[in-house]
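Coordinate analysis (summary)
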Amino acid sequence: MRAVLTTVNRVLLGIAGLVLVVLGGSVLAVGFGAPAPSWWIHHGRHDVLLDASERTRWRAEDWWWPAVIAALAVLVLLALWWLVATLRRRRLGEVYLDTGDGEGATLRGHALEDALVRDAGQVDGVHRARVRLTGRADAPAARVRLQLEPDVDPGTALETLTSGALTHARASAGTAALPSEVRLRAVKHGAERVS
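First, a word on what this report is: a plain description of the structure on this page.

Thresholds, definitions, all that
Residues numbered from 1 in each chain as written. Predicted model: local features only at pLDDT ≥ 70, side-chain atom pairs only at ≥ 80, totals over all residues. Heavy atoms only, no water. Core = buried A, V, L, I, M, F, W, Y, C linked by side-chain atoms within 4.5 Å. Buried < 20%, exposed > 50% of the residue type's maximum accessible area, 1.4 Å probe, protein only. Helix = DSSP H or I, 4+ residues; strand = E, 2+ residues; numbered from the N terminus. Contact = heavy atoms within 4.5 Å. Pairing = 2+ DSSP bridges. Axes fitted to C-alpha atoms, helices over the stretch in contact; angles between N-to-C directions. Parallel < 35°, antiparallel > 145°, perpendicular 65-115°, else oblique. Left-handed = near helix turned anticlockwise from the far one by under 90°.

Details of the nonpolar core
Among the nonpolar cores identified, the biggest contains 23 residues, and V95, L116, L133, V144, L146 and L161 are the most heavily contacted of them. Among the secondary structure elements, those contributing two or more residues to this core are strand 1 (94-97), helix 4 (109-121), strand 3 (126-136), strand 4 (139-148) and helix 5 (154-173). Sort the elements by how many residues they give to this core and helix 5 lands first, with six residues. Once residues lying within four places of it in the same chain are set aside, the contact partners of V95 are A105, T106, L107, L112, L133, A137, P140 and A173.

Written out as structure tokens, the structure is:
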């Protein structure tokens, strides 16, 4: 499903970009003196996009300004929706497992995330762990965030996570690789009193 959305997104962006380049290029060409076709909105270098009669034609109508504002509001909302949908990283809903019998199986992404959080939380010095699976169902990837206690060596915690929880998750999912992005942060703590 994500691949279809990505393809549709790219096609729509390509079409919008092509239309804008053609319109902008044609306006520039007419502005620099190129002959315009008879059906084109501009007829010469000194022609304006909308003359005074076209700009004021609907001004006296009661429905004109609410319609313009409503149309612009819908365009802004659609653009914001598209932007949020494009920038949002979705969680992986399920992971496909190759069972070797040709049938395969699916594992819920949330179950694998929970198992990873539980394993990562058992690493010495990890205060809190968060995991989000991304990627494709047949090629998952993990984004891990760990909050470490102040006295923990980050390299040791990362090595333990890699050799333990991430290796178990990769074996459970039956994938050859589980690319992972791990972010480490220390737990905020108050200063200790020295007497």
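Considering the environment of V182
Mapped onto the secondary structure, V182 falls in strand 5 (residues 180-186). For the pair V182 and R132, spaced 50 residues apart in sequence, the C-alpha separation works out to 11 Å. Among all residues touching V182, those that are not within four sequence positions of it are V144, L146, L158, L161 and L166.

Some remarks on the sheet that holds strand 5
In space, the three strands of this open sheet follow the order 3-4-5, with mixed pairing throughout. The outermost strands of the open sheet, each flanked by one partner alone, are strand 3 and strand 5. Adjacent strand axes in the sheet meet at a mean angle of 15 degrees, parallel and antiparallel pairs treated alike. Running at roughly 150 degrees to strand 3, helix 4 makes contact with strand 3 and strand 4 of the sheet.

Some words on the packing of helix 4 against helix 5
Packing of helix 4 against helix 5 brings their axes to within 9 Å, and their N-to-C directions diverge by 160 degrees. By the angle between their directions, the pair helix 4 and helix 5 is classed as roughly antiparallel. The interaxial crossing formed by helix 4 with helix 5 has right-handed handedness. Side by side, helix 4 and helix 5 meet where L112, L116, D119 and A120 of the first sit next to L161, A165, L166, H168, A169 and A173 of the second.

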